[in-house]
Amino acid sequence: MTSITAFPDSNGYTQSFSIEETAELLQFFEEYGFVVVRNIIESESQIEETIDEIWSLLRVLNPKIDKYDSSTWDNKYWPIQMGLKDGGFISHMADVATKMCWENRQHPNVVRLFQILLKQDELWVKFDRYGMMRPTKGIGFKQNETTGSIILEDRPEWKSKPNWLHWDQNPWRYPDFIGIQGLLALSNTNSNTGGFHCVPGFTHRFKQWSIDNENKHKCRGGLVNVPEDDPIRNEIKQIHVRKGSFIVWDSRLPHGNFPNENDQFRIVQYITFEPPKDADNYELTNRINAFHMRTLSSKADEQLIGFPEPKLTELGEKIVGLRSWKTNERVKSDFE
């Protein structure tokens, strides 16, 4: 029987590399279009603090949501209108205004990984989001408040979109390499937990696919779904990782998330870098303003009362654009 897991190791996780195995991880990435790097975040407390931050952000979206009460995870409370259900995402302004999302983005291992794969040191981080998939099977619900008895139930309606496979790079507009994407795993994943899947090695066929499918499927959008009847769907492999690991993929790789069939949450942070646009003052100003959202928006600051504010390291300032990579000097802004 063919394994649904890409390149499984002896424990059933996808083959991974340490950040020190530079040549090996780069070779694997160039061949298959993705790579897993283990122990990018080694601190258990950093991972747990990040998960706590996500739960706190969910309570900003709906104060009735309670990490310890599964009845509050129902669709009537869960922010599915923001994409959290179908794709397993959290889309919220606070993803650039709280402490832990920045602790992870500015972690030296995370930045170094993108420097290795993009083959350049000077980078800006994109302002991406958290992702969370609810459990859907064997969920414990309180049956009796007095006795504390629990009943286990399934919630198939909580599943994210099945068979989701797409590109965030339009093959007809950009047929060649333009960038990479990534995610930090904040929970262990396997075939039942929901998680990331892709078609390993398809990067080498991406351009030809765009030519072969131009007449039938050409579109203008930035996100392109793989046609339901396309045979490349038969090549999908799941990427199973330990928490603290990082998955990076070439944007030409068909990818998506598969649904959670488990009793645990699947939790990630999406993190992506790109070359800086130092000469684009409009872009730079927008980035600096986004980071200082709580200063600029009284509503945002009010919603985030009690949230620790992010503290940037020198490296963190560089990946935002607050400090020049070239001169190491702080960039002048309205917040100086």
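Residues numbered from 1 in each chain as written. Predicted model: local features only at pLDDT ≥ 70, side-chain atom pairs only at ≥ 80, totals over all residues. Heavy atoms only, no water.

Caption draft 1: Geometry of the packing of helix α1 (residues 22–32) against helix α4 (residues 108–118). Between α1 and α4, the shortest axis-to-axis distance is 10 Å and the interhelical angle comes to 60°. When the axis of α1 is compared with that of α4, the two are oblique. α1 and α4 meet at a crossing whose hand is right-handed. Contact residues: α1 offers Thr 22, Leu 25, Leu 26 and Phe 29, while α4 offers Leu 113, Ile 116 and Leu 117. (Axes fitted to C-alpha atoms, helices over the stretch in contact; angles between N-to-C directions. Helix = DSSP H or I, 4+ residues; strand = E, 2+ residues; numbered from the N terminus. Parallel < 35°, antiparallel > 145°, perpendicular 65-115°, else oblique. Left-handed = near helix turned anticlockwise from the far one by under 90°. Contact = heavy atoms within 4.5 Å.)

Caption draft 2: Summary view of helix α7 (residues 281–291). What α7 keeps buried is the set Leu 284, Arg 287, Ile 288, Ala 290 and Phe 291. Taken end-on, α7 shows its buried residues confined to a sector of 160°, consistent with a single buried face. Of the exposed residues in α7, the ones pointing more than 90 degrees away from its buried face are Asn 281 and Tyr 282. Buried-residue contacts for α7 involve α3 (99–105), β3 (124–125), α8 (293–296) and α10 (314–320). For α7, the capping residue at the N-terminal end is Asp 280, with a side-chain oxygen 3.2 Å from the backbone nitrogen of Tyr 282. (Buried < 20%, exposed > 50% of the residue type's maximum accessible area, 1.4 Å probe, protein only. Arc of directions from axis to C-beta. Polar contact = N/O pair within 3.5 Å; in protein donor to acceptor, adjacent residues only side chain to side chain.)

Caption draft 3: Expanded view of the layout of surface pockets. Approximately 630 Å³ is the volume attributed to the largest pocket. Lining the largest pocket are 33 residues, and of these Lys 126, Asp 168, Gln 181, Ser 251 and Thr 272 sit closest to its centre. Of all elements in the fold, only β8 (180–185), β13 (255–258) and β15 (273–274) reach the threshold of two or more residues within the lining of the largest pocket. Looking at the lining of the largest pocket residue by residue, the classes come out as 14 nonpolar, 13 polar and six charged. For the second largest pocket, the calculated volume is near 350 Å³. Around the second largest pocket, the lining is made up of 16 residues, and of these Trp 55, Lys 67, Gln 264, Phe 265 and Ile 267 lie nearest the centre. Residue assignment for the lining of the second largest pocket shows that the elements contributing at least two residues are α2 (44–61) and β5 (139–144). Examining the composition of the lining of the second largest pocket, we find that three residues originate from one element, α2, more than from any other. Grouping the constituent residues of the lining of the second largest pocket by class yields nine nonpolar, three polar and four charged. (1 Å grid on protein atoms, 1.4 Å probe; cavity = no way out; pocket = protein on both sides within 12 Å on 5 of 7 lines; lining within 4 Å. Points joined across faces, edges and corners; volume = space filled by probe spheres on them. Nonpolar A, V, L, I, M, F, W, Y, C, P; charged D, E, K, R; others polar.)

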